Amino acid sequence: MASHTNQPSKKAIRNSGGSNNSQGAKNSGGNNVKFARRTSSGRYVSLSREDLDMSGELTGDYLNYTVHIPPTPDNQPMESSVAAKAEEQYVSNSLFTGGFNSVTRAHLMDKVIDSEVTHPQMAGAKGSSCSMPACDGKVMKDERGNNVTPCECRFKICRDCYMDALKEKGLCPGCKEPYKVGDYDDEQDYSNGALQLPAPGGGKRDANSMSMTTRNQGGDFDPNKWLFESKGTYGYGNAYWPPQDDVYGDDGGEGAHGGMLESNDKPWKPLSRVTPIPAAIISPYRLLIVIRLVVLGFFLHWRVMHPNEDAIWLWLMSVVCEIWFAFSWILDQVPKLCPVNRSTDLEVLQEKFEMPSPSNPTGRSDLPGVDLFVSTADPEKEPPLVTANTILSILAVDYPVEKISCYISDDGGALLTFEAMAEAASFADLWVPFCRKHNIEPRNPDTYFSLKVDPTKNKSRPDFVKDRRKIKREYDEFKVRINGLPDSIRRRSDAFNTREEVKMLKHLRESGGDPLERVKVQKATWMADGTHWPGTWAVPASEHSKGDHAGILQVMLKPPSHDPLMGNAEDKIIDFSDVDIRLPMFVYMSREKRPGYDHNKKAGAMNALVRCSAILSNGPFILNLDCDHYIYNCKAIREGMCFMMDRGGESICYIQFPQRFEGIDPSDRYANHNTVFFDGNMRALDGIQGPVYVGTGCMFRRFALYGFDPPNPEKYDKKNDQGETQPLTTSDFDPDLDVNLLPKRFGNSTMLAESIPVAEFQGRPLADHPAVKFGRPPGALRIPREPLEAASVAEAVSVISCWYEDKTEWGERVGWIYGSVTEDVVTGYRMHNRGWHSIYCITKRDAFHGSAPINLTDRLHQVLRWATGSVEIFFSQNNAFLATRKLKILQRLAYINVGVYPFTSIFLLVYCFLPALSLISGQFIVRNLNVTFLIYLFIITICLILLAILEVKWSGIGLEEWWRNEQFWLISGTSSHLAAVLQGLLKVMAGIEISFTLTSKSSGEDNDDIYADLYLVKWTSLMIPPIVIAMVNIIAMVIALARTIYSSVPQWSKFIGGAFFSFWVLAHLYPFAKGLMGRRGKTPTIVFVWSGLIAIILSLLWVAINPPTGGAAQADGVAGSTFQFP
């Protein structure tokens, strides 16, 4: 189509990027990729052609060359599909390393893991050996894993030898005949979205297919319907398309009454809808908010105007706290005025993007690509099996395979994670087709095999039970291999290190050295192919530690073919006939880390993934997941795409899905589900400008992550002669961004800069409605993906180096924002502040499931991290008080509350001590419990109860969940939030940084009890304030009760008032007390007896020290000796 003429191709990007690579490297000798075969000792030889002449050590076993060869008359770029596929295969079998002041090297790996690899897309897949003398390379393979022999004589040749043969004489080494470049398996041109057909007369034509185009309603030849086929394609205006009911031409003489309609000719249907909250619920809800707000104003006015002269200090503290609570309530409640519900229509999505049409007879998907990011940092705290299950759920997602690319960032650079991911890619060869064949849900194997429901429900295939039994056995073996990886790596490394010691000792003896001298050999970590692991070693060494290692990039699964690849009954242990066995592209990445660089934790890793994926796949949308959050609904990506591809979708920056958790105790003691936030606050923000970004389960528009404003169709409207919108340049989106300033913002990668307008264009919704002013034409994304090239992967290695972000705007304006431990909230805020909107997507079946800490200590530390990030936001330029006018008023209030809520802990702590101080002192926050105070208190309480009931109604949460949230609000407010305020103030005033540990994703030691962590008591200083509050209130109630009982003039009104508020505090602290007691039955009864005795003794001691003074009792001389009930 004409719209593609201005769209830069991948080949153009690669060529331009490759020519400028040498200019982009800082303090390095360029970005040339050097391929090398490894030696048996673990070392590699990586020399350029200029060095080959100077080296006498290189033998014929080592083939070395640089990738960047300038095109000359004698060296023209080859368009052969064989060469392209061979290049892609070679790249996928190579481990790329590089970084600051170093050459990017590609280490060819014949073996990635110890177990056997069968899938042809995977690195290290088995294959035949090359027939060339003195060559141990593997023969090129096609999509099915069959040998590719570019010559008719079927001479087996590897990629290296094939390239050399073409460069030398172009003759086949077997038959000595010239290779026919371009004749083998030529790729078809789908630039117009049409299917290539044989030319007229080029082959036998089926009579049925002839009848489809030649017969009219009477069955005679119709010349008007026999349109020209000189180009041999079905496309716009050059072929007649039969009706669906007459596919085989057997219409019985009734003929066709019409053909398939183009998408533009069909009635337009929306992909998503907004469902307002019923007026019977939302109208009273809003009215109660207004009533409570007015009553709060009158109540605070009355409190200020009626001080308690007898206890002015008590009155002042209470009034200040109540005013702050009113302010905090407004910030939290007012943004909830406009909640909405949304729904999607997946059938319409499939109809628009994947249904066959005259221009798309095979039903090629026109959906945009999606890059999925998974981040992990420490295999000890984030078990590799959990991460592997997450990867398997991604690879099996229900979305066009060729449109999906999965990336994992291993910030620890651990070989354990690398080999676990390779094992996962290998097991995906069986798991993914099994899920497609039997429509498995969920597609996390660990969760699926742990379900307590009947697995045969809704399954109709007769071989399901047999297939499930086989897959279950394979998965059990897979888990055993993953669990055995640490020991396997250790034993392998010990064996190779011992071999190196023996070699060095032998060399020492041969050279005449002292045989008694102790040989020192670095305790390296070795890979399965007998070479050093370039990342972190088990025994850290220079350039091999967590904070000091090279960048690593491995294409675990190369990009799939664009057409479906059906399995058969012979290749696998399961019959996958008529099942697509392709797997999405899967890439392992560990960014370079060096001492002296600030790597910015998770935000830096996510930005490295953004740049790396832009070079390799450049999906216009990005979905990021934590390593313990897996895809629970295989259609989740389609659900999000309904919003992105709908009318107005071009202004949506991200789709946030709610977080759902597994392994939470049934009572949800510490409000781990957080349903009040995810189903209440987030749904309410969806009716304003959109929900906040919460760190995982979020689908981003890549263009929005690059720091651009949302598109304005009226500002720039570039169309071609047919009226179709065209790709724009970066200066069109941002007039202040000159082409020469691109390196200042995005870094010096030309390939990255040129991928930006491509991602923007591919992320637009379809221009299938007059109201869609900024869309793309249908069929623009049906073009097959270009094969991977070494230059692209080398560029991806360079953009994940530690120096790449120097003097750029990454982390300041572009990508995930740095400077806060809650980089997620800041990143979402920056997008909203530029005028973007976000969407909250709640699906009928949960989109994602994850794990959450159920242990009290872990939960408190998790909340501490969030609260500390909010304090950092409050004292930074990301404070919503400084937002632009593009941020709506209610959205601004919500973001202000994000930065303010931790400070409520100061007033909450004081207010929790007020009842105890009141009981101990015998005073109250008001002079007398008069009618006015009680009426105000009654109305405020009734409004609070009714608001809670209505909020439960429109949000769909349970009343018990609401109460659990209230309880943990007080627990965290008096512990984690208070500590966050102190730590935030220390960081702002004294510059003291706060370090946080990862939340453990592993379970407790008791494997028989999934809730073992719940009863585990781990002491932390965060527990001190709630413990003190509870003890003081209990002791104060006992003291006040004893004093009132033994008083000659008991003042029960003051005691009841203070005791009521003390009970309110203790009721909120009940889950905290249960957490301190640990498992039921394990706390000795004597502990409670001792606690009661101490409380009684303290109360009696208080009465003895400060006995009650009653006038009548003193006159009778029996002060405190009488007992009187009220």
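Keep in mind it's a predicted model, so treat the numbers as computed, not measured.

Chemist: Any chance you could explain the overall build of the protein here in plain terms?
Modeler: Helices and strands together make up the secondary structure of the protein, namely 34 helices and 21 strands. For the protein, the residues scored as buried account for 55% of the 1126 residues in total. Surface exposure of the protein reaches about 49500 Å², of which carbon and sulfur atoms provide 56%.

Chemist: Before we go on, may I ask you to explain the pairing of strand β14 (residues 585-590) in this structure?
Modeler: Walk down a regular strand and you will see the side chains alternate between the two sheet faces. In terms of residue burial, β14 counts as a mostly covered element, since six of its six residues are buried. Covered by surrounding structure in β14 are M585, V587 and M589 together with F586, Y588 and S590, the residues of both alternating faces. Note that strand β10 (residues 404-410) and β14 share five bridges and pair parallel. Across the sheet, S405 pairs through a bridge with M585, a residue of β14. Pairing of strand β13 (residues 551-557) with β14 involves five bridges; the strand directions are antiparallel. By the bridge assignment, L557 is partnered in β14 with F586.

Chemist: Would you explain the environment of R582 in this entry?
Modeler: Along the polypeptide, R582 turns up in the loop between β13 and β14. Overall, R582 belongs to the buried group, its relative accessible area being 5%. Sequence separation between R582 and A428 is 154 residues, and the spatial gap between their C-alpha atoms is 9.9 Å. Leave out the neighbours within four places in its chain, and R582 touches Q121, V401, E402, V432, R436, P560, S561, H562, D563, P564 and L565. A distance of 3.3 Å separates polar atoms of two side chains, one belonging to R582 and the other to E402.

Chemist: Just checking my understanding: could you explain the nonpolar core for this structure?
Modeler: Proteins that are soluble and globular tend to have nonpolar side chains buried together. Judged by nonpolar contacts, the single largest core of 139 residues is most densely connected at L553, L616, F700, Y706 and F746. At 10 residues, helix α7 (residues 279-305) tops the list of elements feeding residues into this core. The residues touching L553, leaving out its near neighbours within four places in the chain, are S94, L95, F96, V587, Y588, M589, C612, L616, V793, A796 and V797. Core analysis: the next-biggest nonpolar cluster, separate from the first, contains 89 residues, L372, A388, L392 and F848 among them.

Chemist: What should I look at first to understand helix α15 (residues 601-616) in this one?
Modeler: The α-helix advances 3.6 residues per turn, and as a result positions three or four apart in sequence lie on the same side. With 16 residues, α15 extends 23 Å between its outermost C-alpha atoms, agreeing within 8% with the 22 Å of an ideal straight helix rising 1.5 Å per residue. Where burial is concerned, most of α15 is hidden: 14 out of the 16 residues are buried. Positioned one or two residues after α15, N618 has a phi angle of 55°, which is positive.

Chemist: Help me understand the packing of aromatic side chains, please; the structure alone is not making it clear to me.
Modeler: The geometry of an aromatic ring pair comes down to the distance between the two centres and the angle between the two planes. One pass over the full model with this rule turns up 42 aromatic pairs. For the ring pair F1060 and F1061, a centre distance of 5.4 Å and an interplane angle of 75° mean the geometry is edge-to-face. The aromatic ring of W810 is capped on one face by R611, whose charged end is 4.9 Å from the ring centroid.

Chemist: What is the right way to read a nonpolar patch on the surface from this model?
Modeler: Together, L287, I291, V931, I935, F938, I939, I942, I945, L946 and I949 make up an exposed nonpolar region whose accessible area comes to about 860 Å². Contributions of two or more residues to the nonpolar patch are made by α7 and α27 (931-955). Owing to a relative accessible area of 33%, I942 belongs among the partly exposed residues under this scheme.

What counts, and at which threshold
- Along each chain, residue indices are assigned from 1 in the same order as the chain's sequence is written.
- Where totals are concerned, whole chains, interfaces and linings use all residues; where local detail is concerned, this predicted model gives features only for residues with pLDDT of at least 70, and gives and counts side-chain atom pairs only at 80 or more.
- By convention in this description, side-chain values take in all heavy atoms of the structure and omit both hydrogens and water.
- What counts as a helix is a DSSP run of H or I of at least four residues, what counts as a strand is a run of E of at least two, and both are numbered from the N terminus.
- Note on classification: 1.4 Å probe, protein chains only; a residue is buried when its accessible area is under 20% of the maximum for its type, exposed when over 50%, partly exposed between these limits.
- Computed by Shrake-Rupley with a 1.4 Å probe, the accessible areas treat only the displayed protein chains as cover when residues are assessed.
- The rule for pairing is simple: two strands pair if DSSP sees at least two bridges between them.
- For this analysis, residues touch if any pair of their heavy atoms sits within 4.5 Å.
- Polar contact is defined as a pair of N or O atoms within 3.5 Å, subject to the rule that within protein one atom must be able to donate a hydrogen and the other to accept it, and that residues adjacent in sequence are counted only when both atoms are side-chain atoms.
- Only buried residues count toward a nonpolar core. Its members are Ala, Val, Leu, Ile, Met, Phe, Trp, Tyr and Cys residues joined through side-chain atoms within 4.5 Å.
- What a helix should span is 1.5 Å times the count of its residues minus one.
- For Phe, Tyr and Trp, where Trp contributes only its six-membered ring, two rings pair if their centres lie within 6.5 Å, and the inter-plane angle classes them as stacked under 30 degrees, edge-to-face over 60, or tilted in between.
- Charge over a ring is defined by NZ of Lys or CZ of Arg lying within 6 Å of the ring centre and within 35 degrees of the ring normal.
- The residues that make up patches have over 30% relative accessible area and no salt bridge, and they are joined within 9 Å when like-charged or within 5 Å when they are Val, Leu, Ile, Met, Phe, Trp or Tyr.
- The term salt bridge refers to a pairing of a side-chain nitrogen on Lys or Arg with a carboxyl oxygen on Asp or Glu at a separation within 4 Å.

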